[in-house]
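What follows is the residue order along each chain.
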Amino acid sequence: QQQVKQSPQSLIVQKGGISIINCAYENTAFDYFPWYQQFPGKGPALLIAIRPDVSEKKEGRFTISFNKSAKQFSLHIMDSQPGDSATYFCAASREDSSYKLIFGSGTRLLVRP
Amino acid sequence: DTGVSQDPRHKITKRGQNVTFRCDPISEHNRLYWYRQTLGQGPEFLTYFQNEAQLEKSRLLSDRFSAERPKGSFSTLEIQRTEQGDSAMYLCASSFLGSGNTIYFGEGSWLTVV
C-alpha cells in the first residue's frame, strides 16, 4: 500500500527551465509535507516543507504548491540549473505518528546545460 | 561537523554474518530514526527512538534486526544472519522534539551482502 505517489519517475529539463514534480497522498491525517534532495551516495537533505494550512511556500528558486482538497502537492524548481540534477523525494508525516516520514518513490531530475 | 554521523559508510559481508551500524545524531536531538533505502526507491521507515526508548518498529524490521539507543545518545542497528535481501543503504536521521519536525539524515551506511 503506497501512501505517497510521486511522478514523474524521471525528468529532463533544459537549463533555465522549470522543473515540476508531483505527489499525491491518501491519508488525510498527514500534516507535514517535506521535499528532500538526494545526490548519489549521499543521504537525503531537506529542501523545503509545507503544512496543509497554506497553499504555497517559496524559498528561493523552490516552491511547494499544496492542494488539500485534491490531496496533492508539487515542487517547482524555477530557473533549473545543472547543479539541481539529483533525485527528489516528496514525503508526508503525521504529528501523532512521531513524524516518521513516508516517502514517495523519487524523481530523477537531469538538468541539461 | 555537527550533522548526523554514520559508521561505517560501506560494509561488505558474507551471507550469514552479523553486521552492526552506528549512528551519532545531532547533539541534543532526542528523536532518532532508522530507514532503509534500496536502489531507485525512497527510504522506508524501520524504527524510531525518543531518547533511549524505542517507540515504534516497522513490520520491515524482522527479528534478525535489532536497534538500541543506550543513554539516549548514539544508536546501533544490528543485522544478524544477513541475507542478500538485506543489501541496501541504512539511513539514520534525527530531530529535536519541540522544534517542529525537521528531520536531518546522515550520509547512510551501504551494506552489500555477498
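Here the residue index of a chain counts from 1 through its sequence in written order. Chain letters start at A and ligand numbers start at 1, both assigned in the order the entries are written. Totals for whole chains, interfaces and linings use all residues, but because this is a predicted model, local features are given only for residues with pLDDT of at least 70 and pairs of side-chain atoms are given and counted only at 80 or more. Remark: hydrogens and water are excluded; side-chain values derive from all non-hydrogen atoms of the structure.

Peer 1: Help me out: how do you make sense of the pairing of strand 11 (residues 107-112) of chain A in this one?
Peer 2: Looking along a regular strand, one sees side chains alternate from face to face of the sheet. All names here are of chain A. Relative accessibility decides the category of a residue: with a 1.4 Å probe and only protein chains considered, values under 20% of the type maximum give buried, values over 50% give exposed, and everything between is partly exposed. Secondary structure counts use DSSP, requiring at least four H or I residues in a row for a helix and at least two E residues in a row for a strand, with both numbered from the N terminus. On strand 11, burial follows the alternation: Thr107, Leu109 and Val111 on one face are buried, whereas Arg108, Leu110 and Arg112 on the facing-out side are not. Pairing analysis gives 3 bridges linking strand 9 (residues 86-92) to strand 11, with the strands arranged antiparallel. Residue pairing across strands places Thr87 opposite Arg108, the latter belonging to strand 11. Each pair of strands is called paired provided DSSP finds at least two bridges between the two strands.

Peer 1: Got a minute to help me understand the packing of aromatic side chains in this structure?
Peer 2: Note on aromatic contacts: the rings of Phe and Tyr and the six-membered ring of Trp form a pair at centre separations within 6.5 Å, being stacked when their planes are under 30 degrees apart, edge-to-face when over 60 apart, and tilted otherwise. Using the criterion set out here, one finds 19 aromatic pairs over all chains in the structure. Here the aromatic rings of Tyr25(A) and Phe33(A) are separated by 4.8 Å at their centres, their planes lie at 45 degrees, and the arrangement is tilted. For the pair formed by Tyr25(A) and Phe33(A), the shared burial category is buried. Taken together, a centroid distance of 4.8 Å and an interplanar angle of 45 degrees make the contact between Phe33(A) and Phe66(A) tilted. One end of the pair, Phe33(A), is in strand 4 (residues 33-38); the other, Phe66(A), is in strand 7 (residues 62-67), and 33 residues separate them in sequence. For the pair Phe33(A) and Phe66(A), a shared accessibility class is recorded, and that class is buried. Connected via pairs of aromatic rings, a cluster forms that spans Tyr36(A), Phe89(A), Phe103(A), Tyr33(B), Tyr35(B), Phe45(B), Tyr48(B) and Phe105(B). Taking the ring centre of Phe74(B) as reference, the NZ or CZ of Arg22(B) above it sits at 4.0 Å. By definition, being over a ring means that NZ of Lys or CZ of Arg is both within 6 Å of the ring centre and within 35 degrees of the ring normal.

Peer 1: Is there a simple way to explain the layout of surface pockets in this structure?
Peer 2: Take a probe with the size of a water molecule and roll it over the atoms, and the empty space left behind shows itself. Cavities and pockets were defined on a 1 Å grid built over protein atoms only: a cavity is a set of grid points that admits a 1.4 Å probe from which the probe cannot escape, a pocket is an open set flanked by protein on both sides within 12 Å along at least five of seven lines, and lining residues are those with an atom within 4 Å of any such point. Grid points are joined across faces, edges and corners, and a volume is the space filled by probe spheres set on the points. Reported here for the second largest pocket is a volume of approximately 550 Å³. In terms of lining, the second largest pocket is formed by 26 residues, of which the most central are Gln38(A), Thr87(A), Phe89(A), Arg108(A) and Gly40(B). For the lining of the second largest pocket, the elements supplying multiple residues, two or more each, are strand 2 (10-14), strand 9 and strand 11 of chain A. When residues of the lining of the second largest pocket are assigned to their parent elements, the largest contribution, 4 residues, is made by strand 11 of chain A. Across the lining of the second largest pocket, the residue classes break down as 11 nonpolar, 13 polar and 2 charged. Gly is put with the polar residues, along with every residue not named as nonpolar or charged; the nonpolar set is Ala, Val, Leu, Ile, Met, Phe, Trp, Tyr, Cys and Pro, and the charged set is Asp, Glu, Lys and Arg.

Peer 1: Sorry if this is basic, but what is going on with the sheet that holds strand 7 (residues 65-68) of chain B here?
Peer 2: In any sheet, the strands associate via hydrogen bonds between backbone groups, in a parallel or an antiparallel arrangement. Residues and elements named next belong to chain B. Overall, antiparallel pairing links the 4 strands, which are arranged 1-3-8-7 in an open sheet. Two strands close off the open sheet at either side, each with one partner strand: strand 1 (5-7) and strand 7. When strand polarity is set aside, the average angle formed by the axes of neighbouring strands in this sheet is 15 degrees. Alignment of strand 3 (residues 19-24) against strand 8 (residues 75-79), held across 5 bridges, turns out to be antiparallel. Following the sheet pairing, Thr20 is matched in strand 8 by Glu78. In this analysis an axis means a line fitted to C-alpha atoms, helices contributing only their contacting stretch, and an angle means the value between N-to-C directions, from 0 to 180 degrees.

Peer 1: In this structure, what is going on with the nonpolar core? I would like to understand it.
Peer 2: Note on soluble globular proteins: their nonpolar side chains tend to be buried together. Note on terminology: a nonpolar core comprises buried Ala, Val, Leu, Ile, Met, Phe, Trp, Tyr and Cys residues joined through side-chain atoms within 4.5 Å. Counting 25 residues, the largest nonpolar core has Phe33(A), Trp35(A), Phe73(A), Leu75(A) and Tyr88(A) as the members making the most contacts within it. In this structure, Cys23(B), Ala67(B), Ala88(B) and Cys92(B) belong to the second largest nonpolar core, which totals 19 residues.

Peer 1: Before we go on, may I ask you to explain the interface of chain A and chain B in this structure?
Peer 2: Interfaces are often sized by the amount of accessible area the parts lose when they come together. In this complex, chain A contributes 19 residues to the contact, which on the side of chain B involves 21 residues. In short, buried area is how much 1.4 Å probe accessible area vanishes from two parts on joining, totalled over both. Both faces combined, the contact of chain A with chain B buries some 1,600 Å², and carbon together with sulfur accounts for 51% of it. Whenever Lys or Arg places a side-chain nitrogen within 4 Å of a carboxyl oxygen from Asp or Glu, that contact is recorded as a salt bridge. Counting every contact that joins chain A to chain B gives 2 salt bridges. Between Lys100(A) and Glu56(B) there is a salt bridge, with its nearest N and O atoms 2.3 Å apart. We call two N or O atoms a polar contact when they sit within 3.5 Å, provided that within protein one can donate a hydrogen and the other can accept it, with sequence-adjacent residues counted only if both atoms are side-chain atoms. For the interface between chain A and chain B, the tally reads 6 residue pairs in polar contact (both at pLDDT 80 or more). Of the residues assigned to the side of chain A that touches chain B, the class counts are 8 nonpolar, 8 polar and 3 charged. Only heavy atoms enter the contact rule, under which two residues are in contact if any of them lie within 4.5 Å.

Peer 1: I'm lost on the side chain of Ser19(A) in this one. Help?
Peer 2: Residues and elements named next belong to chain A. Secondary-structure assignment places Ser19 in strand 3 (residues 19-25). For Ser19, the side chain forms a polar contact with the side chain of Ser80, separated by 2.8 Å. What Ser19 contacts, discounting residues up to four positions off in sequence, is Leu11, Val13, Leu75, His76, Ile77, Ser80 and Leu109.

Peer 1: Explanation requested: the sheet that holds strand 3 of chain A in the structure shown.
Peer 2: Residues and elements named next belong to chain A. The 5 strands are arranged 1-3-8-7-6 in an open sheet whose pairing can be described as antiparallel. Strand pairing shows two members of the sheet lacking a second neighbour, strand 1 (4-7) and strand 6 (56-59), which therefore form its edges. Going from strand to strand, the sheet's axes swing by 15 degrees on average, the running direction of each strand aside.

In short, geometric facts, not functional conclusions.
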